[in-house]
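A closer look at the structure
What follows is the residue order along each chain.
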Amino acid sequence: MGRFWSLLFLSVPVLGTLCYLAGMLTRSGPLALWFPENVNSMANEVDQLHDLILALIGIVFVATGLVLFWFTWKYDASVNDQPVRFVHGSHKLEFWWTAIPAVILIGLAIYQLKVWSDVKIRRPMLAGLDGQMDTADDQPMPPQFEVVARQFEWRFRYAGEDQLLDTVDDILGDVNELHVPVGEIQVGSLKAADVLHSFFIPALRLKSDIVPGSQQIVWFRADKPGSYEIVCAELCGWGHYKMKGRLVVETKDEYQLYLQSLRAKQYQRDFSQPSVAQVYERDSGETGGSGPLGTNLSLAGGAQ
Ligand SMILES: [Cu+2]
């Protein structure tokens, strides 16, 4: 039976390595198990950091799995008739297995500082009044779109012609569908209407928690036209699984056409067609004051 356990322990690093290989061999295509291709040129370092950390974890994972297997195999009670000999630890060993991980972790903490600041802190800037970049009056780039997460959907709003949000020419977007122009830096403002959500676009390596009552700013530059998945990465309620959206990366012309179509939907109505209220009045033969609610009330009254 002892051999069974040692082989079971051996299966952990073996299966782990096989999963890794399966992921690497299917990097693209319908069976892709790995990350989708990164289309955000402002987040290339995220993948490098991920690969480095994965390599470190992988080495430790496989090594400890093999050591565990070897000890359970070699010192299995069924093949050892020597009595058990207890030892009271080894200071030398303990020192090294504390010092080496500490050095690795501190090294990682320092190494990732630049990636973190590029992705989360150093917001893209615009030239200020002097028209020159990298001067004292540079302004942070204002958001071109706003995301409002709510149970259980994504709502989008675009800055209108004045390029500013929260002004009268804002354009209301489609639910669960965000459009951006290809190859341009985009800044987004994230808000939550109810609970914690997390805005995650795997193909952009972009992920940000959204905390109700506060605003998060994200930025990216999508360099490949296409349609990419938007998901919520924070369990936000029973319908969390439904919080799926699409990011459509398209040419600047297509993007402008899309905004125009949204604007048309928002401001124009075909007045040759009757409104919902007019249809109701026509079909029910009633006018003003007695909507569906009034009908229900009279029915309820009649039942008494
Ligand atoms: Cu959510």
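Scoring rules and cut-offs
- Residues numbered from 1 in each chain as written.
- Predicted model: local features only at pLDDT ≥ 70, side-chain atom pairs only at ≥ 80, totals over all residues.
- Heavy atoms only, no water.
- Buried < 20%, exposed > 50% of the residue type's maximum accessible area, 1.4 Å probe, protein only.
- Helix = DSSP H or I, 4+ residues; strand = E, 2+ residues; numbered from the N terminus.
- Pairing = 2+ DSSP bridges.
- Phe/Tyr/Trp six-rings, centres within 6.5 Å; stacked < 30°, edge-to-face > 60°.
- Lys NZ or Arg CZ within 6 Å of the ring centre and 35° of its normal.
- Expected span 1.5 Å × (residues − 1).
- Bend = angle between axes of the 7 residues up to and from the residue.
- Contact = heavy atoms within 4.5 Å.
- Axes fitted to C-alpha atoms, helices over the stretch in contact; angles between N-to-C directions.
- Parallel < 35°, antiparallel > 145°, perpendicular 65-115°, else oblique.
- Left-handed = near helix turned anticlockwise from the far one by under 90°.
- Patch = residues over 30% accessible without salt bridge, like charges linked within 9 Å, V, L, I, M, F, W, Y side chains within 5 Å.
- Areas by Shrake-Rupley, 256 points an atom, 1.4 Å probe, with all protein chains shown as cover.
- Salt bridge = Lys/Arg side-chain N within 4 Å of Asp/Glu carboxyl O.
- Domains from an automatic or database assignment.
- Polar contact = N/O pair within 3.5 Å; in protein donor to acceptor, adjacent residues only side chain to side chain.
- Donors = N, O, S within 2.8 Å, 3.2 Å for Na, K, Ca; no water.
- Tetrahedral: all angles 85-135°; square planar, octahedral: opposite > 155°, others 65-115°.
- Arc of directions from axis to C-beta.
- Core = buried A, V, L, I, M, F, W, Y, C linked by side-chain atoms within 4.5 Å.

**Considering the pairing of strand 7 (residues 185-192)**
Here strand 7 lies mainly inside the structure; 6 of its 8 residues are buried. Looking at chain direction, strand 3 (residues 145-150) and strand 7 are connected through 5 bridges and run parallel. Note on strand 7: the bridge partner recorded for Phe 145 is Gly 188. The sheet contact formed by strand 7 and strand 10 (residues 216-221) spans 6 bridges and is antiparallel. Its bridge partner lying in strand 10, Leu 190 is registered against Gln 216.

**Some thoughts on the packing of aromatic side chains**
Applying the stated criterion to the full structure yields 10 aromatic pairs. Members of the aromatic cluster, connected to one another through ring pairs, are Tyr 158, Tyr 255 and Tyr 258. Across the ring face of Trp 73, the terminal group of Arg 3 is positioned such that the distance to the ring centre comes to 3.9 Å. It is Lys 207 that lies over the ring of Phe 200; its NZ or CZ is 4.8 Å from the centre.

**A short note on helix 3 (residues 91-121)**
For helix 3, spanning 31 residues, the distance from its first C-alpha to its last is 42 Å, which sits close to the expected 45 Å at 1.5 Å a residue. The largest bend in helix 3 is about 35 degrees, located at Gln 112. Those residues of helix 3 that sit buried are Ala 99, Leu 108, Val 115, Ser 117 and Asp 118. Lining the buried residues of helix 3 we find helix 2 (44-74) and strand 10.

**Comments concerning the packing of helix 2 against helix 3**
It is at 10 Å that the axes of helix 2 and helix 3 come closest, and there the two elements cross at 165 degrees. Taken together, the axes of helix 2 and helix 3 are roughly antiparallel relative to one another. Helix 3 is crossed by helix 2, and the crossing has left-handed handedness. In contact with Glu 45, Val 46, Leu 49, Leu 52, Ile 53 and Leu 56 of helix 2, helix 3 contributes Ile 104, Leu 108, Tyr 111, Gln 112, Lys 114, Val 115, Asp 118 and Val 119.

**Re a nonpolar patch on the surface**
Together, Val 14, Leu 15, Leu 18, Tyr 20, Leu 21, Leu 25 and Leu 54 give the surface a local cluster of nonpolar side chains, amounting to about 670 Å² of exposed area. Inspection of the secondary structure puts Tyr 20 in helix 1 (residues 2-25). The exposure class of Tyr 20 is partly exposed, given its relative accessible area of 38%.

**Some thoughts on the sheet that holds strand 7**
With respect to topology, 5 strands assemble into an open sheet ordered 5-4-3-7-10, the strand pairing being mixed. Of all the strands in the sheet, just strand 5 (171-172) and strand 10 have a single pairing partner and so form its edges.

**A few points about the domain arrangement of the protein chain**
Per the domain assignment, the segments making up the protein chain are domain 1 (2-79 + 94-121) and domain 2 (139-267). Each side of the interface is counted separately: domain 1 has 15 residues, and domain 2 has 14 residues. Applying the counting criterion to the domain 1 and domain 2 interface returns 11 residue pairs in polar contact (both at pLDDT 80 or more). Every element with two or more residues in the side of domain 1 that touches domain 2 is listed here: helix 2 and helix 3. Per-element tally for the side of domain 1 that touches domain 2: the top contributor is helix 3, with 4 residues.

**Quick look at the coordination of the copper ion**
Coordination of the copper ion by the protein comes from His 197 (ND1), Cys 232 (SG), Cys 236 (SG) and Met 243 (SD), over a distance range of 2.1 to 2.4 Å. Around the copper ion sit 4 donor atoms, and with donor-metal-donor angles ranging over 93 to 123 degrees the site reads as tetrahedral.

**Some thoughts on helix 4 (residues 252-267)**
A rise of 1.5 Å per residue sets the reference length of helix 4, with its 16 residues, at 22 Å; its end C-alpha atoms lie 22 Å apart and thus fit the reference within 8%. Those residues of helix 4 not exposed but buried are Tyr 255, Tyr 258, Leu 259 and Leu 262. Taken around the axis of helix 4, the buried residues stretch over an arc of 95 degrees, which confines them to a single face. Those residues of helix 4 that are exposed and angled more than 90 degrees off the buried face are Asp 253 and Leu 257. Against the buried residues of helix 4 lie strand 4 (153-158), strand 5, strand 6 (177-181) and strand 12 (244-250).

**What to know about the nonpolar core**
In terms of nonpolar packing, the biggest core is built from 33 residues, with Trp 154, Tyr 158, Leu 178, Phe 199 and Leu 247 touching the most fellow members. For this core, the element with the highest residue contribution is helix 4, accounting for 4 residues.

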